[in-house]
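Structure at a glance
This is what each chain is made of:
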Amino acid sequence: MTALDDKINERFPGLVVRKDLVKAVKGNAIVPSYVLEFLLGQYCATNDEASIQSGIETVKEILRKHYVHRNEAGLIRSNIREKGRWKVIDKISVDLNTNKDAYEATFANLGIKKVIIDSDTVKAHPKLLVSGVWCIADVEYERSEDKNVEPWILSSIKPIQLSKFDYDAFLKARAGFTTEEWIDLLFQTVGFDPEMFGRRSKLLQLMRLVPFVERNYNLIELGPKGTGKSHIFSEFSPHGILISGGEVTVPKLFVNNSSGKIGLVGYWDVVAFDEFAGRQKRVDKALVDIMKNYMANKSFSRGVETLGAEASMVFVGNTKHNVPYMLKHTDLFEELPEKYYDSAFIDRLHTYVPGWEIDVIRGEMFASGYGFVVDYLAEILRHMRNDDYSNRYQGLFTLSSDISTRDRDGVNKTFSGMMKLLFPADNATEPEVEEILHLAVEGRKRVKDQLFRIDSTYPETDFSFTAQDGRKVVVKTLEETEYPQYYHKRAMGHDGPASEGARNIGAPIQNAAQRVAEAMADPVDPREGHKVFIENQKGITFADLFWPWLDGATNIVVTDPYIRMFHQVRNLMEFIEMIAVRKAPEDEVSVRLITCPDEVYPEKQQANLMAVESASTAAGVRFSWEFDGTSTIHARHIVSDAGWKISLDRGLDIFQKFEMNDAFNLANRLQAYRQVKAFEVTYLRSDVRSV
C-alpha cells in the first residue's frame, strides 16, 4: 500500500475499496461495476488483507448463489419453486398493466414477467419504470389453480445503491488531502492508476464526471476507439444510463404523448449516447429539434404542456481520422450524424472533451490502489447538483467581454462542475482556480472554434480572461498550438475559402520536425529564447529541441540528477542517438553525464549506463558519466563547446509513459508520436568554448 492508500483508508473508513478487487470477483457476471462495488463495500471496505480475502470469498459466494446468469435462469426458477423463496440479483423493470390496474415487474436475466409489485415500492423507486434498476430481490413461488394468475410473487426489493451518507463528514475528510492527492483519489475511484497519466490527462478524464454533478450539462467527447469514453457512463453510477445512439426515440427520451409516460430525462441524472458518431446513422429530425430545445431551455413539450427536467446529456463517439486531417479537410465534428451536424445543436454543447488526448487503455493502466465505493461518490455528486460554484472565480478573474452569454454559460457550468469535484469545500488557491477556469474556457472554445468553420455567421471570439493585476490569459486549445497552419480555417458555409487569418491551408502535411518548428515560430538558426510546451502535446523531438544549438559541438555535458530509472536512461540513449544520426560520420563527439546515484538500485543504474557507453562507441560518440557525491544537484541543463547552454526544467524526462515493449507502437519507435509532460526550455549563449 502507498502512503496515499493509507490516508484514504484513514480518512474514509468503510467507504473505500481496493479497485483491483472488482476484477477478482466479477468472473463472467455481466453486471455493472457499481453493483459489484456495492457488495465489496459491504464486505471488503478495509485495508486488512485477511478481511479482504474473506470478504472476496463472501462476495463470490453471493454472486454464485444469487446473481442470475441467463443460461442458468431455468435452474434459479426451479430453486424458487422447490424452496418456495430465493434471493436474486437481477435488473428489474416495471410496467403498469392498465387492464389489471396493477404494476408488473420483469426480471431481465431470470426471464420471468408479470410479477406483481406494490405501488408504494414503485413510488419509492420510480426508475423501475424506465429501463430498469439492478436490485437484490426476494422472489416467492405460489402456485394457483387459476391459470391466468402468475405464480411469482415479489416479496421484497432493495435497489443496489447507498441508503445514506454524511456530506459534512465528506467535506471534513477532503480537507486532509492535497489537491494532487485528491485528484489521484478520484482517478483511482474511476478505475485508473494515476501514476500512468499526467495531470492534464487526469483532469480531462475527470471532466467526464461533470454531468453527474451539474444539472442540464451538455458534454461531447469524440476520439479514437478504446480510450474509455463510455466506461464511466455505463459502469460508474446508478444515476446515469448509457444507451446506443441509434436506439433513441422521442417517447423513450422525452415523453409518450399517447400514454403520458415521461422518458429517460425525467428519471436519470445523466443520459449518455454511446456510438453517437456516424454520418450514415438514421436520425429522426423531430428528435433532434426537441433535443435542441431541451438542451437550451431545460424543457420539452407534451402537446400543450411544457415539462422540465434536469438530466445532463452526454454524446460519445469514435473518430475515423486524426486531428490534423480533420482540421485540414473538415472539422472536429465531422463524424456527427447528418441531422446533428447542425450549428444550432453544436452551439448548445457546453464543452468538447478532446478524446484524442487520452491514450488507448492498456492493462497496466487500471488501478490497484484504493478508491471510493463508486456508489458512495455517486451519491455525493448527486447531492452537489443542488450547489452552484459558477461564480467562484469572479473575485479573481474576469472573462473577456467578447464572450457571449451562451459561451459564458458553457464556461461557467464546466468551471462549477470541476470545482465541485476538486474543491467541494471551496478551498482552491488562485493558481488552482486559474487552472480550472482555463480548462473550462478551452472546452467551450473548442466548440466555438469549430462553429467558425461550419457556419460563417458566427463571429470570432476573444476567449481570454484577466487577472486582478491586469494580466491577460489568452486561452488556446492544444490542437491550435500543435497545428496552427490548419486550425484557423474559416468557411463560407462549410467548404468555402479560408479567412485571411488561416495559414497554409491546402499545403501538404508537414513532417513532425517542420510542424514543431512552425509551432515554435523560430527561425532555422538557433537563437536565445524561452519555450513552453503543454502537457499532452505531440510532435516534439530531441532533434528539434536540441540539435540546432548543439550542431558543431565536440564536447557536450548533460547535468541531470535523475538518470536512474530505465525510461530515464532510455531518454539519454535517444539523446545520444540524435547526436549520432546528425553529426558527420567522420566526427567524434564527447558526451559526459553528471547525475546522482540511485540509492535503491545502484547496480542496475550502473549496468544501464555501461550499456549506453558500449553502444555509443560504435557511432563515434564517447560517452562517460560521473556521480555527484553530494547528491544535491538540482539544476538540469546541457552545455556544449558550440557556445550554448540549454536549461531544462525536467531534464531529458519530457515524455509521458508509453508502451515500451510494443514493437508495433509508433510511440515506441518515434518521439514525435509521444505525448509530452508540461515543460520549459531556455536557450542562453555561453562564452564557454571548452567543457
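The structure we're discussing is the one just above.
Residues numbered from 1 in each chain as written. Predicted model: local features only at pLDDT ≥ 70, side-chain atom pairs only at ≥ 80, totals over all residues. Heavy atoms only, no water.

So, the overall build of the protein
A count of helical and extended segments in the protein gives 25 helices and 24 strands. Radius of gyration (C-alpha) of the protein: 29 Å, near the 26 Å computed for a compact globule of 691 residues. Each principal axis of the C-alpha atoms in the protein carries an extent, and together these give about 100 × 65 × 45 Å. Buried residues in the protein amount to 54% of all 691 residues. Computed over 86 positive and 99 negative side-chain charges, the inter-centroid distance for the protein is 4 Å. (Helix = DSSP H or I, 4+ residues; strand = E, 2+ residues; numbered from the N terminus. Rg over C-alpha atoms; globule rule 2.2 N^0.38 Å. Buried < 20%, exposed > 50% of the residue type's maximum accessible area, 1.4 Å probe, protein only. Lys, Arg positive; Asp, Glu negative; His and termini not counted. Charge placed at Lys NZ, Arg CZ, Asp CG, Glu CD.)

Thoughts on the side chain of Asp628
Residue placement: Asp628 occurs in the loop between β21 (621-627) and β22 (637-640). This buried residue, Asp628, is left without a salt bridge; Arg564 holds the nearest opposite charge, at 8.8 Å. (Salt bridge = Lys/Arg side-chain N within 4 Å of Asp/Glu carboxyl O.)

Points about the nonpolar core
Grouped together as the largest cluster of nonpolar side chains are 91 residues, with contacts concentrated most on Phe12, Ile89, Phe372 and Leu422. The residues touching Leu422, leaving out its near neighbours within four places in the chain, are Arg174, Trp182, Ile183, Leu186, Leu203, Leu206 and Ile436. If you look at the next biggest cluster of nonpolar residues, it comprises 75 residues, including Tyr294, Phe300, Leu307 and Leu332. (Core = buried A, V, L, I, M, F, W, Y, C linked by side-chain atoms within 4.5 Å. Contact = heavy atoms within 4.5 Å.)

Examining the sheet that holds strand β15 (residues 397-399)
Strands sit in the order β15-β16-β17 across an open sheet of three strands; the sheet is antiparallel. Two strands bound the open sheet, and with one partner strand each, they are β15 and β17 (472-474). Taking each pair of neighbouring strands and ignoring which way they run, the sheet shows an average axis angle of 25°. Note that β15 and strand β16 (residues 464-467) share three bridges and pair antiparallel. Within β16, the residue paired with Leu399 across the bridge is Phe465. Packing of helix α18 (residues 430-454) onto the sheet brings it into contact with β15, β16 and β17, and relative to β15 it is tilted by some 15°. (Pairing = 2+ DSSP bridges. Axes fitted to C-alpha atoms, helices over the stretch in contact; angles between N-to-C directions.)

Details of the sheet that holds β21
Pairing within the open sheet is mixed, and its seven strands lie in the order β18-β24-β23-β22-β19-β20-β21. In this open sheet, the two strands that pair with only one neighbour each are β18 (529-533) and β21. Each strand of the sheet is rotated relative to its neighbour by a mean of 15°, with strand direction disregarded. Here strand β23 (residues 644-648) runs beside strand β24 (residues 679-685); their pairing, made up of five bridges, is antiparallel. By the bridge assignment, Lys645 is partnered in β24 with Leu684. Against the sheet, helix α22 (residues 542-550) contacts β18, β19 (555-559), β22, β23 and β24, and its axis sits at roughly 160° relative to β23. Of the strands in this sheet, β19, β20 (589-595), β21 and β22 touch helix α23 (residues 566-582), which is tilted by about 150° from β21.

A word on the packing of aromatic side chains
Each pair of aromatic rings is reported with the distance of its centres and the angle of its planes. In total, this model carries 41 aromatic pairs according to the counting rule given. With centroids separated by 6.4 Å and ring planes inclined at 65°, the aromatic side chains of Phe170 and Tyr376 adopt a geometry described as edge-to-face. With Phe170 in helix α7 (residues 167-174) and Tyr376 in helix α16 (residues 374-384), this residue pair connects regions lying 206 residues apart in the sequence. Counting every residue linked through ring pairs, the aromatic cluster contains Phe12, Tyr167, Phe170, Phe177, Trp182, Phe372 and Tyr376. Seen from the ring of Phe177, Lys7 lies directly overhead, with NZ or CZ sitting 5.7 Å from the centre. The aromatic ring of Tyr601 is capped on one face by Lys604, whose charged end is 5.2 Å from the ring centroid. (Phe/Tyr/Trp six-rings, centres within 6.5 Å; stacked < 30°, edge-to-face > 60°. Lys NZ or Arg CZ within 6 Å of the ring centre and 35° of its normal.)

Focus: the environment of Pro194
As for its position among the elements, Pro194 is in the loop between α8 (179-189) and α9 (199-206). For the pair Pro194 and Arg362, spaced 168 residues apart in sequence, the C-alpha separation works out to 13 Å. With residues up to four places along the chain from it excluded, the contact list for Pro194 reads Asp184, Phe187, Gln188 and Lys202.

Here's the deal with the side chain of Asp5
Structurally, Asp5 is set in helix α1 (residues 3-11). Discounting chain neighbours no more than four positions away, the residues touching Asp5 are Gln188, Gly369 and Tyr370.

Remarks on the pattern of salt bridges
For the structure shown, the criterion picks out 45 salt bridges. Ionic pairing is found between Asp95 and Lys261, a salt bridge with its closest N-O pair at 3.7 Å. Of the two residues, Asp95 is situated in strand β2 (residues 85-97) and Lys261 in the loop between α12 (250-253) and β9 (270-274); the sequence distance between them amounts to 166 residues. Classification of Asp95 by relative accessible area gives partly exposed; the value is 48%.

So, a nonpolar patch on the surface
Taken together, the side chains of Leu666, Leu670 and Tyr673 make up a nonpolar region of the molecular surface, amounting to roughly 300 Å² of accessible area. When you line up the elements, Leu666 lands in helix α25 (residues 666-669). (Patch = residues over 30% accessible without salt bridge, like charges linked within 9 Å, V, L, I, M, F, W, Y side chains within 5 Å. Areas by Shrake-Rupley, 256 points an atom, 1.4 Å probe, with all protein chains shown as cover.)

A closer look at the environment of Ala124
Turning to its location among the elements, Ala124 is positioned in helix α6 (residues 119-124). Given the relative accessible area of 52%, Ala124 is considered exposed. Taking the C-alpha atoms as reference, Ala124 lies 38 Å from Glu49; in sequence the two are 75 residues apart.

Regarding α7
Every buried residue of α7 is accounted for by Tyr167, Phe170, Ala173 and Arg174. The buried residues of α7 occupy one face: seen down the axis, they fall within an arc of 120°. Residues of α7 that are exposed and point over 90 degrees away from its buried face: Asp168 and Lys172. On its buried face, α7 sits against α1, α8, β14 (370-372), α16 and α17 (405-422). (Arc of directions from axis to C-beta.)

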